[in-house]
Each structure stands twice: as C-alpha cells, then as structure tokens.
Amino acid sequence: MSSPTSTIHQAFQSLQGSISLEHRHTFESTGLQDVWAAIQDIQTAQRKRHSAQNLRRIEPLLEALEKYAKVIEILCNGTQYLSFIWAPIKLVLQLASNHRDIFEALLDAYAEIGNALPRFDRYSSTFKDNPEFQSVLAGIYRAILEFHQRAYKFFQRRAWHLIFLSLWKDFRARFQGIINTIEKHRDFIDKEATSVDMVEDRAARIRILDDIVERQRQALANLDDNDFKMRLLQFQSSTSWVAVDDKRQEAELARRSEMRLAGTFDWIGQVPEMKAWLRGDDSEPILWLNGKPGAGTLIGKAETLNVCYYFCNNQDDAWDNPSERVLGTIAIQLLRAHPELASLIANEFVSRGLSSSLAQLRVLVPKLLELHPHTRIVIDGIDECSKAGQKTLLKELQSTCLGPRLHCKILISSRKEPNIKTELDRKPMISLDVNDKVESDIRRYVAHEIQNLQSAFIAELEPEFFENIARLLTEKADGMFLWVKLIMKELEQCYNRRDLEECAQSLPHGLKEAYGRILDRMVAEDVPPHTQSLTIRILEWMSCSYRRLKIHEILDGVSIRTDRASLDRNTKLPRRVMDLCRPLIEDGPCNTLIFVHFSAQEYIMKVAFRHGRPFIKPEEAHLNIGFSCIAYLNTSFRLLPQHSSEEERMLWVLQGLHGLQIYANQSWYKHIQAYMDLVIAQNLKIPEYYVEQMEEILKYNKAEVSGEPTQSTAVGSSKSKQAPDRQYHSLKNFPGLSKFISSLEVFRDDLRNRDWTQKSIEAFSLEIRNSDPSWLSSTRHQYQLALEALLSPAFPSSSSVSEEELRAFRDIYGDSAFTCRYPHCERSTDGFGSRQEREKHEAQHRREYRCDAPACAYSEMGFATRPQLNRHTRKYHAHVDNGTSLRDEVRALKKRKLAEETARDQVQEQLKRQIILFRPEQMRTLPHIFSAEQKRNWEVHLRMLWDEINKNPQDSPQHNQAKGSLFDFSSHLITRLQVEERSILQLKAFKPPIPVPPGLNTIPEILKVSTMTSRIIDQFTFEYFLTHPRSIGR
C-alpha cells in the first residue's frame, strides 16, 4: 500500500497536468471562501434572470470538505493540494450556471459526494495520528480529484454545452464508482470507530485497507473496459442509426485517387480563392469549382481540417430528397473521424427512438460541425442531380452546414448548369475552362499515356512519331482529361502505324463528337445486328435502372429477350460482352458498372443521334427492362416451396439463373409504370408479348389466387390500414395490375415506416412474408436461403457440384450476398460478405436487453442478445461488498426475480415440448367444423414442412425455420379445437336447447374434439403463416 503523501501527490500531479496554464495559475490561489463567493454571485445572477436554482444542495459538500481540509492539512502542509479541491468546484459552477440542465446535473453530483463523505469532525481527534486514517484521507482526495479532472475535461471541449449531458450519461457509471470508493472509506472509519479494540490488530486494518484498494483497482479496470466497449457499442449503434452506407463513397474516392496522375492539380492549393477557402476563418464559406465535363475534380486534405466529401450521381434522385443522403454521409464521415461524437448520437437520438429522417439530420449535423470546427465539405458532381435536386441540395447545405458558430465551408464542383449558376454565380469561383495550369496538367497526362502506348511499339516506330501524336492530343484536348482518356482508348485499338496515323489525324472535336464517334462504331453496318442489340440493351440497363447495378444483374437482364423469356445455362452471357460498350463504361466500385462520366449518359439519353432521336430511347429502355424483370419473376415463381424442392432451388441459384431476383423484385413495377406513362404520352401500342407477361405476373397476387381482399398493411400503422388504393391513370386498362401494384406500394411504404424495435428479426421477417399481399417476399426469401447456403463454407462439393463451380459462384455473388433483412436499410439490396458481418450489422438495428443499473450506459443502449447482457451484469454489476446493505438487498431481489422469470421460461419450454406436431395425414381426421378444402390445404403444407424438417440437418437454418412455426400451427390448431370443445359443452348444458353447429351435434363428435386437443407433440418450426396467414383464423 502506497503512503498517503504519495497518493495525494500523484492525484495532484494528474489533475495539474490536465489543465491549462491559465487555469493552473488561478487554481493555485483559490480557497474555500472563493467558492462561497462564487456561489453567492451565481445565485444573485440567477435571481435577476428569474431562474434561481436550489444552491443549498451544495452546502453539505462544502461543509464536509471544510472539515476534511482541517484534518488533511498535516498531509498538505506547504503545498497547493487543497486549492485543487476548491478551484475546480468554483470553475465548473461558473461555467455551467447559464445552462440549467447542466447546472442541475452538477449540483446533484456534488450533493451525492457530500452525502458520501465521512464525518471527519467526529473522528479527527481519535484518528489524528492513525496511519490507516491518513490513508483514507488520501484515498478520498484521490477520488475527489478524479471527479474534478473528468468534469474539467468535459468543460474544455469545444461547444461543451451541446454534448455535456450526453457525456454525463456515459460518466454515470464511473461517477458511481467514485461515490462507492468514498463510501467504502467512510464505512471503514465508521467500523473502526465502533470497534471495541481499535488499537489492537493493526495488521487486520491494513488488510482491510489493502482489500479496499484492490477492489478499487479492479473496479477501475472493469470501468475502463466497460467504457471501451460502451464507446464501441455507441459507435456501432450510431452508424446504424444514420442508416447511410458510406462504403460506396469511400470506394469512389479510392477509385478516383487511383485514376489521378501524380503531380496533377497540385497547383490548386496556391490559388487565392482556394487559400481563402482553406483558411480557418468564416470568410467566403462557399467556393464554386467549375469547368467542362471531364476537366477534373479534387478532394483535398489538410492536417488541421476535417474533410467530408460526397460524389453525386444521377441515381441520388431515386431518394425523395438527395439532401438526406448527403447530410447522412457528412454525419457518418464526421463520426468516423471523431468517434467520441457517438455519445451525442447514441444518447440524444438513438436512445430516444428518433428516426434518422431529414428533420433529425438538420438538428444533428450542425451540432457535429459546431463540436469540430474547421470542417470542409466537398460536393462533387452536383450537376448529375436533377434540376429540382440541385436547387434543394444547394439550399439545404447552406441552411444546415453554414453558420457563425459552425466554422464550416463548402466547395461545390460541377459544370456550369443554369440552375447551379443562378445559385452560385456571385460566390467565389475557380474556373477550369481557360486555365494555364490545367493545360500544363493535360500535357503531363498526355505524355504519361503516350509513353504507355509507345511501350507497345518498342523498336517499331520512332519517338518523333509519338511526340507528334502527343502534340495533336494536347492541342485538341481543350482542357478535358476525359476527352484524352476516350481518345487513348481508341488509339490502343490500333496495331500498326497507318491506323495510328489515321486515328490521330481524324481526332473528334470535343466530348460530344467523341461520344458520337464511339456510338457510330458500336452500331456500324459491319457490326452484326445481335451485337448491336446487345450493346444497346446494356446501355439501356445502365441508363434507366433505378439504382447502380452489379455486373451480374446487367448480364442476366440483357440475356432475357422477347424470343427467350427465361434464363438457362445456355443463354447466360459472359462478362466479356461488357467490352462492347467500352470506353463509354468502366468498372465501378463494389463490382458495379458505371459510365465513364455523367456526360456520357446524358449524351446517349438526350442528344439527337440519328433521325432526331437519342441513342437510348426511354420508352424502349423501360419496355425492355420491364419485360426482363417481369419475365424473370414469372419464371422465379418456381422458387416457392410448393413448386420445387430445396435441391432444385439450390441448383438453379448455383447455375446463376436467379441473379436478377433482388433488382427485379424491388423495381419491376416502377419500369411498368414508367413505360405505360410513355405509352400514354406518345400514343404507343403495347406489344402483345408484354401484355402476356403483365397478365402472368398477377399470379404473385395472393388476393388474385384466393379471391379475398388483401390485408397488405398488417405490419403497418393503423393509419395505413385505411389507405385508399392508389390510382394509376396509365394502367386504367389493366385494373387488376393497377390494384396489385397499389397494394404492393402501400405495403412497402408501410414497411419503411415500421418501428423495428419490437420483434426479433426472424419474427419480423416471417411477419413481412405473411403480410405481403404478394408472393414476392416469399420468393426473395427462398432465393436468399439458397444463396446463403451455397456461400456457406460448410457447403460441400459433390459429384453434381464441383469445387470449381462453387468457387466461380462465390467470386460473383459472395461479396455482398448477405443482405440486411430490415427493408428500410440501404444494405437490404447491397449486403455483406458473410453471415457474421450481417448479424453484427442487424444487431445494431434493435437492442432490447437493457441493464438494470440506472447509472450504467447500457440501461439505455441495451444489448442485442440476453447472453451479452448476462455477461455484462456478471462482470460489472456483481456483488462485491462483504456487508449487507440496501443496495445488496435490491440486487438480491432483482436476482430472485430473474430466477423466477427463468423458472417460468423453463416451464414454458417444458410445456412446448409436451406438444406434438400434427402430421399431414392427421388433417383428414379433423372434425367437420373445418372444411374439406382447409384440411387438404393444411395436409399439403404440413407434408412440405415435414419434408423440410426431415431432409435438413438438425441445426441448419432450413430445419430450424421449419421448426418453431410448425409448433405455432399445432398450438394454434389445438387452441381452436379447445375453443370449439368448450363452446359445444356450453351449448349442451344450456336450457332451453340451442341448435348446435352442424358436425358437432353428437357426443362422439365432442369426444373426438376432446381427444384431438389432448394430444401431446414435440416442438418444431413452421412456415405455415407464410402460405396461409388467415386460414386458421377464419
């Protein structure tokens, strides 16, 4: 055990080293009288503002500390140790006095410390020279200064008032540890004071003190560990709450960084406008970097700046408001750069159950920017958004991210679009259109590319020949790196001197002419018609899809044609067909395909190519894409368990015949609506083959099959249940399809507005499939089961499935196959590479198991599973005191309650095990209260589920899935039979006699019901409510 003097000195040095020089000087001259004077001044000021708070709560602390100071003076003689008790109290009270909630929190904390302090005046004479008593005094000094040090750290943060209460919630567990330390020392003194033989057995007292010190050490180690895990948990829950996947932005930044030639654009930091933008002041908060398409962009970094960035693309408009995604990305990038911000998000947004809507992001982002000054935001390619999106985003960025306390600046990089020019024309700008520095960078880039080209003709052509080509390229580039890139792709296709000369002498002028020449080559007369068709179909999918597509999705979509409406191994296309569209397209991040520049997509969609029409016509594009989607879905109906076996489904997925499932399932009706709108606008005739596929898609409509009205909003709010059918004018000649799409859209909108915290993901996923008015959720589910099973490392190769096939399959689908099962999440279409990653992600969507300790951060944050909570409770809230206290009794009571709950759960499990499952053949022996059709349907589906149970390993997902819900069906049916039994017995006992329902008017029939309800069966899972959600209840 260290000496009391050493303990006090170490605590003093720790606090002194953490404060500023200015405050250190003030602290050394502060006494108790200064604290009383400061309290009086605060009280006077609050009364003038009519906001007085009860400052008497701090009096017990100051009175106790005054008595404490008198007995510890012998240990502090000739030092400033006591000043460092008084000065922090004065400082933090003064700083917090203008913030009511923060001031209240501090007063409560000081009151708790005062109540925990020992009664020094009673024991000072008794223990004046007692070494153990002096050790207690030193331990209390260390505890008080630890509190001061952490409180001081809170108040030294920038904009501390914004985050103090959030950090204070996290500090409660450690503060409780400080209080416990003081209380243990107090209890030790009380125990010694009442001891009959205080002087004797000093060794025993030392052992007790050593034990207290060791327990404190262990408690601090546990608190440190708990703090680390809590911060990690807060970070995970905060990133999940923001619900924006910044993986694509990071991948796009990495892709562009790799493309940028070293040394180019280094000059940009020396431009006066850029210097002013980078300066750490509030002048000129917006800078506009503009130029021709493909003139180059930049993302700058500086050691003293936070840099957030966002690369816009035209698919941002798929969101209702691109501002939500941009602000969400800014928030998550700031969070990744400063993980301590997770406390603010977790305590003020996540734990309060707020959604990460645009309204909440408008509150959050300014707070994050105020907490971390000198942030620079770079928005690139805002011209790729729609005109409405451009205007909305520019206004949102200025209103949310700029302000006198935020010290944030924004750089907008774009072409000179009229809408953008109207908003930014009066702002400082850097133009890349006519710029000597850009021309110099072009020369450097051309020289680099020509050097690579020259290496393919070593010793064949003289260097002067390539120098001449380089000169021509530089002269005609007109400041556009993209133009050089396109021309270099053409030159790479030349294999002799004459071809190189002809290509160099006929260089196109500008991007439009370059694009036109590339398209001319794609549809030239010597190109076979089927190759031209493939090229156009690929560009249609890339231009008119509703999200950025994976390469395998485009290949599958293009493979489906009007004369070949289904996929098989002989009709799938290889990846090399994408080369038909290069250099207009290139590989994008995350195994996607993208246009080489947004201007290329604009050109093929808007610029007249031949006969006054663009290269890609929207009506033809949506016709072809819509046809591929619904034709594929019509063939994927076989994925439902009633139409195929598990082996068949896995074989189809392995062969790559269902790679279009996720996109087609999500977007098929959007393409139908877009095409039908254009049919009305242009007075077009709908092809017969398209009508046939639209009619066939109705087999997915559960109402169409059962003849009953759909209840598609079973998982939605009560408000949505009364939502009227949406009307689609363009589908007026297809009322069945119109109603089906309407019910599907209402259902999916309701899903996005769901509260995700009430059920497990398994139960929620099952409820989605049950409540979906279509079979689309069920086919997606079956596809996902097969896909994930094939990607499992445990999936074996066999004679029918080779290791090579599995490896090729995993290379194509493995990087993002494990999609999030929460529909509102962005990762529900672009998933993870493993089940473990997906489970870790999904656990952050809901955390239902909360710690019982009010001071613990996990009392609000919670855990994803009960075992995690149990481990936390055992480690951080275990009983550690020898004596029995009120706290101990409360914990014991909670423990008894937990044991009782566990016992009840065990009883419930035993009851479940007593229920045997109905076999398919038993449905035939059910009483006549059930119709013959019901019995037949139940028998079919029970046989299907028993097959699933028997043919899958016991611990497999398929087996377990066919296991608890089959129990649900059996218990539900038994309950129904019991109800019928009671009803019949009541009817028989009632006088005068009441007619009994047909089929139950005889005693044998009643006995038959009673016998059926008394059967006992084992527990399994069931998917019954997926296929017959309303059969039992009718």
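Residues numbered from 1 in each chain as written. Predicted model: local features only at pLDDT ≥ 70, side-chain atom pairs only at ≥ 80, totals over all residues. Heavy atoms only, no water.

1. Overview of the overall build of the protein
Then, number 1: Looking only at helices and strands, the protein features 43 helices and nine strands.
Then, number 2: When each of the 1034 residues of the protein is scored for burial, the buried share is 53%.
Then, number 3: Within the protein, counting contacts between residues at least 6 apart in sequence, those at least 24 apart form 74% of the total.
Then, number 4: Looking at the protein as shown, the accessible area adds up to about 48,700 Å², and 51% of this sits on carbon and sulfur atoms. (Helix = DSSP H or I, 4+ residues; strand = E, 2+ residues; numbered from the N terminus. Buried < 20%, exposed > 50% of the residue type's maximum accessible area, 1.4 Å probe, protein only. Contact = heavy atoms within 4.5 Å. Areas by Shrake-Rupley, 256 points an atom, 1.4 Å probe, with all protein chains shown as cover.)

2. A short note on the packing of aromatic side chains
Note on aromatic pairs: each is described by the distance of the centres and the angle between the planes.
Then, number 1: Enumeration according to the criterion identifies 21 aromatic pairs in this entry.
Then, number 2: Between Tyr 675 and Tyr 690 the ring centres are 5.0 Å apart and the planes differ by 70°, which places this aromatic pair in the edge-to-face class. Taken together, the residues Tyr 675 in helix 28 (residues 661-682) and Tyr 690 in helix 29 (residues 688-696) connect sequence positions 15 residues apart. Here Tyr 675 matches Tyr 690 in class, with each residue buried.
Then, number 3: Put simply, the rings of Phe 12, Phe 27, Tyr 81, Phe 84, Tyr 141 and Tyr 152 touch in pairs and so form one group of aromatic residues.
Then, number 4: When the ring centre of Trp 277 is taken as reference, the NZ or CZ atom of Arg 376 above it lies at 5.9 Å.
Then, number 5: Above the plane of the ring of Trp 946 lies Arg 919, whose end atom (NZ or CZ) is 3.8 Å from the centre. (Phe/Tyr/Trp six-rings, centres within 6.5 Å; stacked < 30°, edge-to-face > 60°. Lys NZ or Arg CZ within 6 Å of the ring centre and 35° of its normal.)

3. Describing the environment of Ile 113
Then, number 1: With respect to the element layout, Ile 113 can be found in helix 6 (residues 100-116).
Then, number 2: Considered as a pair, Ile 113 and Gln 176 are 63 residues apart in the sequence and their alpha carbons are 9.8 Å apart.

4. With respect to the confidence of the model for the protein
Then, number 1: For the protein, mean pLDDT is 77; residues scoring 70 or higher make up 75% of the total.
Then, number 2: Mean pLDDT across the elements of the protein bottoms out in helix 43 (residues 1024-1027) (33) and peaks in helix 26 (residues 618-636) (93).
Then, number 3: This stretch, residues 195-200, has a pLDDT under 50; its non-local contacts, to residues over four places away or in other chains, come to seven contacts.
Then, number 4: Counted against residues more than four places away or in other chains, residues 910-914, with its pLDDT under 50, gives eight contacts. (pLDDT = per-residue confidence, 0-100.)

5. What about the pairing of strand 1 (residues 286-290)?
Regular strands have side chains that alternate between both faces of the sheet.
Then, number 1: Here strand 1 lies mainly inside the structure; five of its five residues are buried.
Then, number 2: Across five bridges, the pairing between strand 1 and strand 4 (residues 409-414) is parallel. For Ile 286, the partnering residue across the bridge sits in strand 4 and is Ile 410. (Pairing = 2+ DSSP bridges.)

6. Let's talk about the pattern of salt bridges
Then, number 1: Enumeration according to the criterion identifies 37 salt bridges in this entry.
Then, number 2: The shortest N-O distance in the salt bridge between Asp 266 and Arg 260 comes to 3.0 Å.
Then, number 3: On the basis of relative accessibility, which here comes to 39%, the residue Arg 260 falls in the partly exposed class.
Then, number 4: Look at the salt bridges and you will find they share partners, linking Glu 252, Arg 255, Arg 256, Asp 380, Lys 485 and Glu 586 into a network. (Salt bridge = Lys/Arg side-chain N within 4 Å of Asp/Glu carboxyl O.)

7. Quick notes on the packing of helix 23 (residues 529-544) against helix 25 (residues 598-606)
A pair of packed helices can be characterised by two numbers: the angle between their axes and the separation between those axes.
Then, number 1: Helix 25 packs onto helix 23 with a crossing angle of 110° between their chain directions and a minimal axis gap of 11 Å. If you check the angle between helix 23 and helix 25, you find them roughly perpendicular. Between helix 23 and helix 25 the crossing geometry is left-handed. Contacts between helix 23 and helix 25 involve Leu 539, Met 542, Ser 543 and Cys 544 from the first element and Gln 601, Ile 604 and Met 605 from the second.
Then, number 2: Classifying every residue of the contact of helix 23 with helix 25 by side-chain character gives five nonpolar, two polar and no charged. (Axes fitted to C-alpha atoms, helices over the stretch in contact; angles between N-to-C directions. Parallel < 35°, antiparallel > 145°, perpendicular 65-115°, else oblique. Left-handed = near helix turned anticlockwise from the far one by under 90°. Nonpolar A, V, L, I, M, F, W, Y, C, P; charged D, E, K, R; others polar.)

8. Structural notes on empty space enclosed by the protein
Then, number 1: Tallied over the entire structure, the rule returns six cavities of 30 Å³ or more.
Then, number 2: If you go around the second largest cavity, you meet 16 residues; those closest to its centre are Lys 550, His 552, Ile 662, Ser 816 and Ala 817.
Then, number 3: Grouping the amino acids of the lining of the second largest cavity by side-chain chemistry returns six nonpolar, six polar and four charged. (1 Å grid on protein atoms, 1.4 Å probe; cavity = no way out; pocket = protein on both sides within 12 Å on 5 of 7 lines; lining within 4 Å. Points joined across faces, edges and corners; volume = space filled by probe spheres on them.)

9. Observations regarding the sheet that holds strand 2 (residues 306-311)
Then, number 1: As summarised here, the arrangement of the five strands in space is 2-3-4-1-5, forming an open sheet in which the pairing is parallel. The strands lining the two open edges of the sheet, one partner per strand, are strand 2 and strand 5 (429-431). In this sheet, adjacent strand axes meet at a mean angle of 15° when their direction is disregarded.
Then, number 2: Alignment of strand 2 against strand 3 (residues 375-380), held across six bridges, turns out to be parallel. In the strand pairing of strand 3, Asn 306 is matched with Thr 375.
Then, number 3: Helix-sheet contacts for helix 11 (residues 247-259) involve strand 2 and strand 3, and the interaxial angle to strand 2 is about 90°.

10. Description of the pairing of strand 3
Then, number 1: By the criterion of burial, strand 3 is predominantly enclosed, with six of the six residues buried.
Then, number 2: Here strand 3 shows a buried face lined by Thr 375, Ile 377 and Ile 379 and a second buried face lined by Arg 376, Val 378 and Asp 380.
Then, number 3: With five bridges connecting them, strand 3 and strand 4 associate as parallel partners. When the bridges of strand 4 are listed, Asp 380 appears paired with Ser 413.
Then, number 4: Each parallel crossover has a hand, and the one from strand 3 via helix 16 (residues 387-401) to strand 4 is right-handed. (Right-handed = clockwise from strand over helix to strand, strands pointing away.)

11. Digging into the nonpolar core
Within soluble globular proteins, side chains that are nonpolar generally end up buried alongside one another.
Then, number 1: Within the largest apolar cluster, 135 residues are counted, with the highest numbers of intra-cluster contacts made by Leu 473, Trp 483, Leu 539, Trp 668 and Leu 737.
Then, number 2: Membership of the second largest hydrophobic core comes to 60 residues, among which are Leu 82, Phe 84, Tyr 110 and Tyr 141. (Core = buried A, V, L, I, M, F, W, Y, C linked by side-chain atoms within 4.5 Å.)

12. Section: unusual backbone geometry
Then, number 1: Residue Arg 582 is joined to Pro 583 through a cis peptide bond whose omega torsion reads 15°.
Then, number 2: Backbone geometry places Glu 284, a non-glycine residue, at a positive phi of 45°.
Then, number 3: As for its position among the elements, Glu 284 is in the loop between helix 12 (272-278) and strand 1.
Then, number 4: Positive phi is not limited to glycine here, since His 407 has a value of about 50°.
Then, number 5: Along the polypeptide, His 407 turns up in the loop between helix 16 and strand 4.
Then, number 6: Taking the relative accessible area as the measure of exposure, His 407 reaches 22% and is therefore partly exposed.

13. Regarding the environment of Ser 97
Then, number 1: Note on placement: Ser 97 falls in the loop between helix 5 (83-96) and helix 6.
Then, number 2: With 51 residues separating them in the primary sequence, Ser 97 and Gln 46 have C-alpha atoms 8.0 Å apart.
Then, number 3: With sequence-adjacent residues up to four places away left out, Ser 97 is seen in contact with Ile 42, Gln 46, Arg 49 and Phe 103.
Then, number 4: A distance of 2.9 Å separates a polar side-chain atom of Ser 97 from the backbone oxygen of Gln 94. (Polar contact = N/O pair within 3.5 Å; in protein donor to acceptor, adjacent residues only side chain to side chain.)

14. Side note on helix 5
Then, number 1: Along its 14 residues, helix 5 runs 20 Å from first to last C-alpha, staying within 8% of the 20 Å computed at 1.5 Å per residue.
Then, number 2: Counting buried positions along helix 5 gives 11 out of 14 residues, so the element sits mostly inside the fold.
Then, number 3: The complete set of buried residues in helix 5 reads Ser 83, Phe 84, Ile 85, Trp 86, Ala 87, Pro 88, Ile 89, Leu 91, Val 92, Leu 93 and Ala 96. (Expected span 1.5 Å × (residues − 1).)

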